[in-house]
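The lines below spell out each chain.
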Amino acid sequence: MPGNVGAGPGSYFGGNLTAAVQNGLISKDRLNDMATRVLAGWYFLHQDTPSYPAVNFNANQPGDIATNEHIDVQDDHYKVVREIGAASTVLLKNERGALPLNRPRKIFLAGSDAGPARVAGPNEFRDQGGNDGILAMGGGSGTANFTYLISPYEALQARARQDRTSVSWLFDDFNVARAGNMAIGNSAAIVFVNSDSSEGSDRSNLTAWHGGDNLILAVAAQNNNTIVVVHSVGQLIVEPWIDHPNVTALLWASAPGQEAGNSITDVLYGDWNPTGRLPYTIAKRIEDYSAQAVTGGTPGTILPVPYTEALLIGYRGFDARNITPRFEFGFGLSYTQFEYSNLHISKVISTGSSERSQEQNWSQGNSSSIEFGSSTALWLHVPAFRVSFDVKNTGKVAGGEIPQVYVQMPSSAEEPPAILKGFSDVHLQAGQTKNVVINLSRHALSVWDVVDQGWRKPEGTIGISIGASSRDFRLHGTVTS
């Protein structure tokens, strides 16, 4: 944090900033500018007025009665939390009709991530800086204490009672022999694995924690309908088990919050049709990612980190290097299917713009002018092109689709092969068709000219692709100035 002087070279703030001002390295004008930027937010929110609410909690000392009023602000937010948890879950694999579950006779839950914390409740670790039981939140100073936490074990038991389903479980991640034996004869075996990280404690690998890969393989060896649920702060390498013939489904639930168990149960049983899409690429090998960990030195060493990947990060790097991922950016399945058609790309007619000359200058391929605030100018960011198309639900159940717009710059731009520039969320009943409109600004179709120091339209044809992921394009078109 600014001001904290910890291990190694410490911070540029605090005492070091004071010394830098005193020895003339930092001017007083710069110091005043820094203070102004801090105070601007205070005054902007009118925190200097008597009517502004006083601070009513003390996060560092929550038990101090004098500084904590313990105001209940929860209302019915649990409903939103539950919905967000379900909506953000990504269905990555679903074979032989494994999901949604339909009143199964008998289910088995495996893995510590299926249950509650086994030692001291959901706030066992300060700032959530540890993992025991269901992973519903990452760690660090930006976290909060759970008021409660519903685990999959609790939610699935409630559903089992409703459906008259027999349910058994094993939270011991490392007793793989027993897990395999308990999985025998179940209608479905659901294995829960996770991977956590925290501020100041990054992951050292991309494998499931607590021997999760071995647990999945042990269960899959004994049950031909093994469903995997992953709660993770980021990507994992799933190659050890993803192609196993008995692993029929994979749900990527990330870190869904206090209603985690109810959220995943809603998806497992089809009360919520999955609409989540991957916000990153899941590779087949860690070496396939364009940026690798930089190691070496001592705790006090500042290691140089060369950003040689430039713009080719994430899916852009996979596309540029023609590397096939396991699951691409933007990917996600549904319990229904969608069809795309009728692509139209048209220019948005400018009405009375005071910056018409800038718009014309851009259309001619010239760079934007260099002046204060030029990168945030209205003409650069208002809708300039209208992309419309139809999406139809061709399946038998209602569901949501996330159509994505990717721009393919001409080779002269030296940009990645495809760049996400817009997306939407459309919910459709079975058989229903809706028209989707996504607008693109001039900024979305520009490149930064390092010589002119301005935004300009690249020379050549700009392609537009509409699809369900970064590698599943359904419609193609071009932008005509």
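Before any of the text, the structure's been laid out above.
Residues numbered from 1 in each chain as written. Predicted model: local features only at pLDDT ≥ 70, side-chain atom pairs only at ≥ 80, totals over all residues. Heavy atoms only, no water.

Quick look at the overall build of the chain
The criterion, for reference: Helix and strand definitions follow DSSP, with helices as H or I runs of at least four residues and strands as E runs of at least two, each counted in order from the N terminus. Each residue is assigned to one of three classes by its accessible area relative to the maximum for its type, calculated with a 1.4 Å probe on protein chains only: buried under 20%, partly exposed between the two thresholds, exposed over 50%. Throughout, a contact is declared for two residues whenever any of their heavy atoms are within 4.5 Å. For the accessible areas, the method is Shrake-Rupley and the probe is 1.4 Å, while residue cover comes only from the protein chains on display.
From N to C terminus, the chain includes ten helices and 17 strands. Reported as C-alpha extents along the three principal axes, the dimensions of the chain are approximately 70 × 60 × 50 Å. Burial analysis of the chain (481 residues in total) assigns 42% to the buried set. At a minimum sequence separation of 6, the contacts of the chain that also span at least 24 residues come to 71%. Total accessible area computed for the chain in this model is approximately 25400 Å², and 52% of it derives from carbon and sulfur atoms.

Quick word on helix α2 (residues 28–44)
Basically, it comes down to this: The span you would expect from a helix comes to 1.5 Å times its residue count less one. Note that the bend at a residue is defined as the angle between axes fitted to the seven residues ending at it and the seven residues starting at it.
For α2, which comprises 17 residues, the first-to-last C-alpha distance of 24 Å matches the rise-based estimate of 24 Å (1.5 Å per residue) to within 8%. Approximately 30° is the largest bend angle found in α2, and it occurs at Val-38. Count one or two residues on from α2 and you reach His-46, which has phi positive near 60°.

Some points on unusual backbone geometry
In this model, Leu-99 is joined to Pro-100 through a cis peptide bond whose omega is 0°. Looking at the secondary structure, you find Pro-100 in the loop between β1 (90–94) and β2 (106–110). A positive phi angle, near 50°, is found at Asp-75, a position not held by glycine. Tracing the sequence through the fold places Asp-75 in the loop between α2 and α3 (77–87). On the basis of relative accessibility, which here comes to 65%, the residue Asp-75 falls in the exposed class. With a phi angle near 55°, Arg-96 is a residue other than glycine that sits in the positive phi range. Among the secondary structure elements, Arg-96 is positioned in the loop between β1 and β2.

Description of the packing of helix α5 (residues 176–183) against helix α6 (residues 212–220)
The following threshold applies: Lines fitted to C-alpha atoms define the axes here, with helix axes fitted over just the stretch in contact, and angles between the N-to-C directions of these axes take values from 0 to 180 degrees. For any helix crossing, the convention is left-handed if the near helix is rotated counterclockwise from the far helix by under a right angle, and right-handed if that rotation is clockwise. Any residue outside Ala, Val, Leu, Ile, Met, Phe, Trp, Tyr, Cys, Pro, Asp, Glu, Lys and Arg is labelled polar, Gly included; the first ten of those are nonpolar and the last four are charged.
At their nearest, the axes of α5 and α6 sit 7 Å apart, and the two run at 35° to each other. Both α5 and α6 take part in a crossing whose hand is right-handed. Residues Val-176, Ala-179, Gly-180 and Ala-183 of α5 form the contact with α6, whose own contacting residues are Asn-214, Leu-215, Ala-218 and Val-219. Its residues placed into classes, the contact of α5 with α6 shows six nonpolar, two polar and no charged.

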